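Report on the structure
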Amino acid sequence: MAELRFPDGFLWGTATASYQVEGAVREDGRGESIWDRFSHTPGKTFEGQTGDVACDHYHRYPEDVEHMARMGMNAYRFSVAWPRIFPEGKGPVNQKGLDFYRRLVDALQGRHIQPCLTLYHWDLPQALQEKGGWDNRDTGRYFAEYAHTLYQALGDRVPLWITLNEPWVAAILGHAFGQHAPGFGDFPLAMRVVHHLLLAHGWAVEAFRHDGPRRAQIGITLNLSPVEPATGKEADGQAADLADRFTNRLFLDPIFRGAYPELPDLMRSALPQATPEEMERISTPVDFLGVNYYTRQVVEADPQGLYGVGMVPARGDLTEMGWEVYPQGLYDLLIRVHREYHPQAVYVTENGAAFADEIQDGEVDDPRRIAYVREHLSRAHAAIGAGVPLKGYFYWSLMDNFEWAFGYSKRFGLLYVVPGSLERVWKRSARWYAQVAQANAVPL
Ligand SMILES: CO[C@H](O)c1c[n+]2c([nH]1)[C@H](O)[C@@H](O)[C@H](O)[C@H]2CO
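Below, the structure is looked at part by part.

What counts and how
- Residues numbered from 1 in each chain as written.
- Predicted model: local features only at pLDDT ≥ 70, side-chain atom pairs only at ≥ 80, totals over all residues.
- Heavy atoms only, no water.
- Salt bridge = Lys/Arg side-chain N within 4 Å of Asp/Glu carboxyl O.
- Helix = DSSP H or I, 4+ residues; strand = E, 2+ residues; numbered from the N terminus.
- Contact = heavy atoms within 4.5 Å.
- Buried < 20%, exposed > 50% of the residue type's maximum accessible area, 1.4 Å probe, protein only.
- Polar contact = N/O pair within 3.5 Å; in protein donor to acceptor, adjacent residues only side chain to side chain.
- Pairing = 2+ DSSP bridges.
- Axes fitted to C-alpha atoms, helices over the stretch in contact; angles between N-to-C directions.
- Near = heavy atom within 4 Å.
- Areas by Shrake-Rupley, 256 points an atom, 1.4 Å probe, with all protein chains shown as cover.
- Nonpolar A, V, L, I, M, F, W, Y, C, P; charged D, E, K, R; others polar.
- Parallel < 35°, antiparallel > 145°, perpendicular 65-115°, else oblique.
- Left-handed = near helix turned anticlockwise from the far one by under 90°.
- Expected span 1.5 Å × (residues − 1).
- Phe/Tyr/Trp six-rings, centres within 6.5 Å; stacked < 30°, edge-to-face > 60°.
- Lys NZ or Arg CZ within 6 Å of the ring centre and 35° of its normal.

**Some details on the pattern of salt bridges**
Per the stated rule, a full pass over the model turns up 33 salt bridges. Salt-bridge contacts for E278 lead to R137; the nearest nitrogen and oxygen are separated by 2.5 Å. Of this pair, E278 sits in helix α12 (residues 276-282) while R137 sits in the loop between α6 (126-129) and α7 (138-154), placing them 141 residues apart in sequence. Via salt bridges that share partners, D357, D366, R369, D400, R411 and K427 belong to a single interconnected network.

**Regarding the environment of L164**
Residue position: L164 is located in strand β5 (residues 160-165). With 165 residues separating them along the chain, L164 and G329 place their C-alpha atoms 23 Å apart. For L164, the contacting residues outside a window of four places in its chain are T118, Y120, F143, L197, H201, I220 and T221.

**Some points on the side chain of R84**
With respect to the helices and strands, R84 occurs in helix α4 (residues 82-85). By relative accessible area, R84 is classed as buried at 1%. Polar side-chain contacts of R84 include one of 2.6 Å to the side chain of E22. Within the local environment of R84, its side chain forms a polar contact with the backbone oxygen of A24, the two atoms lying 3.2 Å apart.

**A word on the sheet that holds strand β8 (residues 288-292)**
Ordered by their spatial adjacency, eight strands build a closed barrel running β2-β3-β4-β5-β6-β8-β11-β14, and the pairing between neighbours is parallel. Across the sheet, the axes of successive neighbouring strands diverge by a mean angle of 25 degrees, strand direction being ignored. As judged from the four bridges shared by β8 and strand β11 (residues 346-351), these two strands associate in the parallel manner. Bridging from a neighbouring strand, G290 pairs with Y347 of β11. Against the sheet, α7 makes contact with β4 (114-120), β5 and β6 (217-223), and its axis sits at roughly 160 degrees relative to β4, the strand it touches most.

**Here's the deal with the sheet that holds strand β7 (residues 227-229)**
Reading across from one edge, β7-β9-β10 is the order of the three strands in this open sheet, with mixed pairing throughout. Only two strands of the sheet have a single neighbouring strand rather than two, namely β7 and β10 (309-311). Neighbour to neighbour, the strand axes of the sheet diverge by 60 degrees on average, direction disregarded. As paired elements, strand β9 (residues 297-306) and β10 share four bridges and run antiparallel to each other. Its bridge partner being in β10, E300 is matched across the sheet by G310. In this fold helix α10 (residues 234-257) packs onto β7, β9 and β10, with an angle of close to 100 degrees to the strand it touches most, β9.

**Focus: the site of the ligand**
Residues in contact with the ligand amount to 14 residues; listed here are only the nearest, Q20, E166, E350, E403 and W404. Within the side chain of N165, one N or O atom sits 3.1 Å away from an oxygen atom of the ligand. W404 has a polar side-chain atom sitting 2.8 Å from an oxygen atom of the ligand. Calculation on the ligand without its partners gives an accessible area of 420 Å², and the protein chains cover 86% of this total. Of the residues belonging to the shell around the ligand, the class tally is six nonpolar, five polar and three charged.

**Focus on the packing of helix α13 (residues 328-341) against helix α14 (residues 367-385)**
It is the contact of α13 with α14, at a shortest axis distance of 8 Å, that shows an interaxial angle of 25 degrees. Between α13 and α14, the interaxial angle falls into the category roughly parallel. Relative to α14, α13 is oriented so that their crossing is right-handed. Touching Q328, L330, Y331, L334 and I335 of α13 are H376, R379, A380, A382 and A383, all from α14. Tallied by class, the residues present in the contact of α13 with α14 amount to seven nonpolar, two polar and one charged.

**Here we look at helix α9 (residues 187-211)**
Here α9 is 25 residues long and its end C-alpha atoms lie 36 Å apart, about the 36 Å a rise of 1.5 Å per residue gives. Burial within α9 is extensive, with 19 of its 25 residues counted as buried.

**Description of the packing of aromatic side chains**
A complete count under the given rule lists 39 aromatic pairs for this structure. When the ring of F143 is compared with that of Y146, the centres are 6.0 Å apart and the planes differ by 55 degrees; the resulting orientation is tilted. Of the two residues, F143 and Y146 both sit in helix α7, three residues apart, roughly one turn of that helix. The class for Y146 is buried, based on a relative accessible area of 0%. Note on Y151 and F208: the rings are 5.0 Å apart at their centroids and 85 degrees apart in plane angle, and the pair reads as edge-to-face. Taken together, the residues Y151 in helix α7 and F208 in helix α9 connect sequence positions 57 residues apart. For Y151, a relative accessible area of 2% puts it in the buried group. Taken together, Y19, W35, F38, W122, F402, W404 and Y408 form an aromatic cluster joined through their ring pairs. Its guanidinium or amino end placed over the ring of Y416, R411 lies 3.9 Å from that ring's centre, counting from NZ or CZ.

This is the structure:
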């Protein structure tokens, strides 16, 4: 049978995040996070749903690790809840919180699954938010101390470390558009948060280089998407260039080039005046870039739009999130990032889709998810053939979980999570993905 073989040692994993799967939000000394506060604020999430219980991964992780092992996964990307380690964001360590992640890493290693640890996937301790959150530079210092604590506790048992998950989403959706925690609608604030998150990333990488684990690697995960103009008109091309600067290059340029991209005056003036030392720190070299890819953006010149940019509504094959299924975008993005930013290594740290999954007689047949993953993996394979140092792929997500403001209404998982019982049921895509991982090849 025709197949696309991947390089030996390629990582096949799934991804989750603490607030989306763990639950147990009051257990073993965990402090409140900004997502506890936000999800409990009326009107912020679908039907007021919260991550209080989520998938109860905090207690069910042994079963979940067993599912990963049965799927033949050799990697698992998860995030640590900062408020479990420092309930107040700083100060004395909560040992019980640290012990949970030690148990999780033990379970993964016991099944030969490489941990890939994200230090920050949006669940900032609420106590720090009350001191200004990411608008306060000190938060970045506390983040580096939190990172250092984990480096010491887990060290080389975690081969891959990610400082931040999608700082653009944390900054812009959380502080400019108000759709995510902490729920502000203040653009200048959001641009200060962009800079402070990048400083936090730099401090955490410096701490890693200074006395972190020797054989492990550190990087950052960015949400990236190709931006295309709706037409060949010059105005649409300019809109696409601006959208690319504001979404992709806003983080790629500081991290890999040590400077922000040219931005419109209003946007630029909202960024704090960065000193050369700060840009040096932000661009402390990383070992890899994590790419979260879901879809492309198509934009047009629109005087009513933000900075004159209008998003063209996606058409064609759409997921439950309304995102266009556009596998070619993954190839285009990987090639662009490789040629323009030259990361030493790249991982697809998230790629996946929500579809209207239904369980019937204990079965979940999800052919669209199988097609989605097969098409994206074929583009990833082509990118490797074109020279991109792609070392692994993490499907989002291991299981259906708390999809932020959408609550549990969007199912991305390979495992269907039964409401109420939280029983995990393999979707057909889980069995398909297991075959891919075990063969290290995609059947065509
Ligand atoms: C445009 O999609 C973003 O890159 C993106 C999509 N996703 C993400 N970022 C987040 O990293 C996850 O926590 C979400 O659950 C996941 C699915 O929505």
